[in-house]
Amino acid sequence: MDLAGGRIPPTNGAEFRRVDAWVSAVCAAAPDSIALQDGNRRVTYAELDREADRVARMISARGVAPGGAIGVRMRRGWRLYAALLGVWRHGSAYVPVDLSYPRARQDHIVADSGMGLLVEDGEEEAGFAMRVLDPRPECASLPQHTAYVLYTSGSTGRPKGVVLRHANVLAFLDGAIRTFRFGSDDIWAQFTSPCFDISVAEIWLPLVTGGRFVVVPEDVTSAPAAFQRLLVDRRVSVLSQVPTVFRYLLNALEEEGTALPFLRQVLLCGEPVEPHTVLRWLKSGIASAAKVYNLYGPTEATVYATWQELTEDDLDSARSGTPIGRALPHVTVTVLDGGRPATPGRIGEICLGGAGVAWGYLGLPDRTARSFVTLDGDTKERWYRTGDLARIEQDRLWFEGRTDTQVKLRGLRIELGEVEALLSAHDNIREAAVVMARRAQGDPFLVACCVPSSDSVVADAPALRAYLAELLPPYMMPSRFVDIPALPLTLNGKLDRKRLEELVQPEPA
Ligand code: AMP
């Protein structure tokens, strides 16, 4: 790969069999370029390369065989990325474990993935600590060339590991670069935890294009005023944001009268866009040079699956749903209505095929078989049934909600069934249902509706919160707990969620 006038020419993901090989090619081509910036610490590609090699050697030195899962449980900081790359260089798959998760959830991820070793923060000069769990892990269940396993909420009460291979990620990166023309001039903001797949875009798209990313400190991710300063100071050109978080950022930018002249692209992803917020943004002139895209996709189809540029025309109309556009190159999309492709205008379930489709859920063959299917007797192509609803109009997809009770809070995926299963397992609770309610400004939050098992009063919020805090990450914790004598049922005996939602709204002052 040659350097042309300081710019790294776009490479083709098809040249590589693993993402780390692609990053290595960039390290070799542009060793002195900045790969990432963490506070005042700038890390060049050469340094990242060296540190990742050091991590790979440290793992090998512990006698851990390549090809299995390796956990990465580290604070957000430049070494975290060297660890992720180092795991790949070792020939293993990374499994991020979030330090904010309760111990039981971390333990589940460690045990379920069968990881052989955990990379953690270490003493200053070593930088990393290696906690060996099993030098010869039972990795038969992990397919060859797995890149990462991400744990996502599971309706049975336990998170499930989605297994993505290098081929999936290469296809995604390659397709995204061709579609959006990301390049070595781009400066990204690394906002999302590596436990969520938006981070795959924020970390690896810059690193395979010779661009750079700026590490957004943990406390700044929930401080829009500080975040907007970071965007200005670091001249961020590509910003990926979850729509609700984007609204807070827009509020902060408007309050301070800040402009973002360096911003080139805004990638909204993770949950339905808020048309009024995007309209406000487009009309504000805050970043008049920036295009705004709506990117839709589940972890199971590798980060983003469809894309749509958002313009005032698209958003001004009174159509139902939000436009999510058309497929990126690494997936194919079909919308099924009663097992057949939906006719234009009809709502159906989004099914995703192509190179982005995940291998499946780790250790869950039944669940995998239910979600990853073949269609119409074509046994070669595997499709992921997303559970998302859409209709096709004007040659593009419009998002229309879910077939089930999976919800999104600040872009984070929550199966209400997971919280319900844990609540129902509590001694004082006979049955429970969790619903999403909205505050006056439109922000969603969870309400746990609990039916006591006997005379006990269960909606003792502090006690229930303490019980759940040992099992659930903070983002899945209900904000309110209410006692109800019985769960409302529909005429055919199913839980009447609509009625329940009405019962818990509006939020009492
Ligand atoms: P995750 O696997 O955490 O990325 O969550 C994927 C789910 O988030 C999808 O199945 C959708 O329900 C939802 N989602 C992601 N992006 C969008 C979007 N742009 N518009 C609407 N829903 C989205």
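Relevant structure appears above.
Residues numbered from 1 in each chain as written. Predicted model: local features only at pLDDT ≥ 70, side-chain atom pairs only at ≥ 80, totals over all residues. Heavy atoms only, no water.

Peer 1: What's the story with the overall build of the protein chain in this structure? I'm lost.
Peer 2: Scanning the protein chain from terminus to terminus reveals 14 helices and 27 strands. Here the protein chain has a C-alpha radius of gyration of 23 Å; the compact-globule value for 509 residues is 23 Å, and the two agree. Counting only C-alpha atoms and orienting by the principal axes, one finds that the protein chain spans roughly 70 × 55 × 55 Å. Contacts spanning at least 24 positions in sequence make up 66% of the contacts within the protein chain whose residues lie at least 6 apart. Here the protein chain displays about 21300 Å² of accessible surface, and carbon together with sulfur accounts for 50% of that area. (Helix = DSSP H or I, 4+ residues; strand = E, 2+ residues; numbered from the N terminus. Rg over C-alpha atoms; globule rule 2.2 N^0.38 Å. Contact = heavy atoms within 4.5 Å. Areas by Shrake-Rupley, 256 points an atom, 1.4 Å probe, with all protein chains shown as cover.)

Peer 1: I would appreciate a short explanation of the site of the ligand in the present structure.
Peer 2: Around the ligand lies a shell of 16 residues, among which Leu295, Thr299, Asp388, Lys408 and Arg413 are the nearest. In this structure, Gly297 approaches the ligand through a main-chain N or O atom, which is 3.4 Å from an oxygen atom. The protein chains hide 95% of the 500 Å² of surface that the ligand would expose on its own. Every element with two or more residues in the shell around the ligand is listed here: strand E13 (291–296) and strand E22 (396–402). Top element by residues in the shell around the ligand is E13. It accounts for three residues. Its residues assigned to classes, the shell around the ligand shows six nonpolar, four polar and six charged. (Near = heavy atom within 4 Å. Polar contact = N/O pair within 3.5 Å; in protein donor to acceptor, adjacent residues only side chain to side chain. Nonpolar A, V, L, I, M, F, W, Y, C, P; charged D, E, K, R; others polar.)

Peer 1: Would you mind going over helix H1 (residues 19–29) with me for this structure?
Peer 2: Structurally, the α-helix is built with 3.6 residues per turn, so residues lying three or four positions apart point the same way. Among the residues of H1, Val19, Asp20, Trp22, Val23, Val26, Cys27 and Ala29 are the ones counted as buried. Elements in contact with the buried residues of H1: helix H2 (45–61), helix H3 (78–89), helix H5 (166–180) and helix H6 (198–209). (Buried < 20%, exposed > 50% of the residue type's maximum accessible area, 1.4 Å probe, protein only.)

Peer 1: Is there a simple way to explain the pairing of strand E20 (residues 372–375) in this structure?
Peer 2: In regular strands, side chains alternate between the two faces of the sheet. Relative to strand E21 (residues 378–393), E20 runs antiparallel, the two sharing three bridges. Residue pairing in the sheet places Leu375 in a bridge with Asp378 of E21. Hairpin geometry of E20 and E21 is characterised by an intervening segment of two residues between the two adjacent antiparallel strands and by a positive phi of about 50° at Asp376. (Pairing = 2+ DSSP bridges.)

Peer 1: Can you walk me through the environment of Trp383 in this structure?
Peer 2: Take Trp383: it is sitting in strand E21. Here Trp383 falls in the buried class, since its relative accessible area comes to 13%. Along the chain, Trp383 and Ala29 lie 354 residues apart, while their C-alpha atoms are 38 Å from each other. Beyond its immediate stretch of four places on either side in the chain, Trp383 contacts Thr332, Val333, Thr334, Cys351, Leu352, Gly353, Ser371, Phe372, Val373 and Leu375.

Peer 1: Any chance you could explain the packing of aromatic side chains here in plain terms?
Peer 2: For any pair of aromatic rings, geometry is given as the distance between the ring centres together with the angle between the planes. The full count for this structure, using the stated rule, is 17 aromatic pairs. Ring centres 5.6 Å apart and planes at 75° place the aromatic pair Phe172 and Tyr304 in the edge-to-face group. On the criterion of sequence distance, the pair formed by Phe172 in helix H5 and Tyr304 in the loop between E13 and strand E14 (306–309) is long-range, its members being 132 residues apart. Under the relative-accessibility criterion, Phe172 is labelled buried at 0%. Chaining the aromatic ring pairs together yields one cluster made of Phe180, Phe182, Trp188, Tyr293 and Trp307. Positioned over the ring face of Tyr101 is Arg105, at 5.8 Å from the centre of the ring. (Phe/Tyr/Trp six-rings, centres within 6.5 Å; stacked < 30°, edge-to-face > 60°. Lys NZ or Arg CZ within 6 Å of the ring centre and 35° of its normal.)

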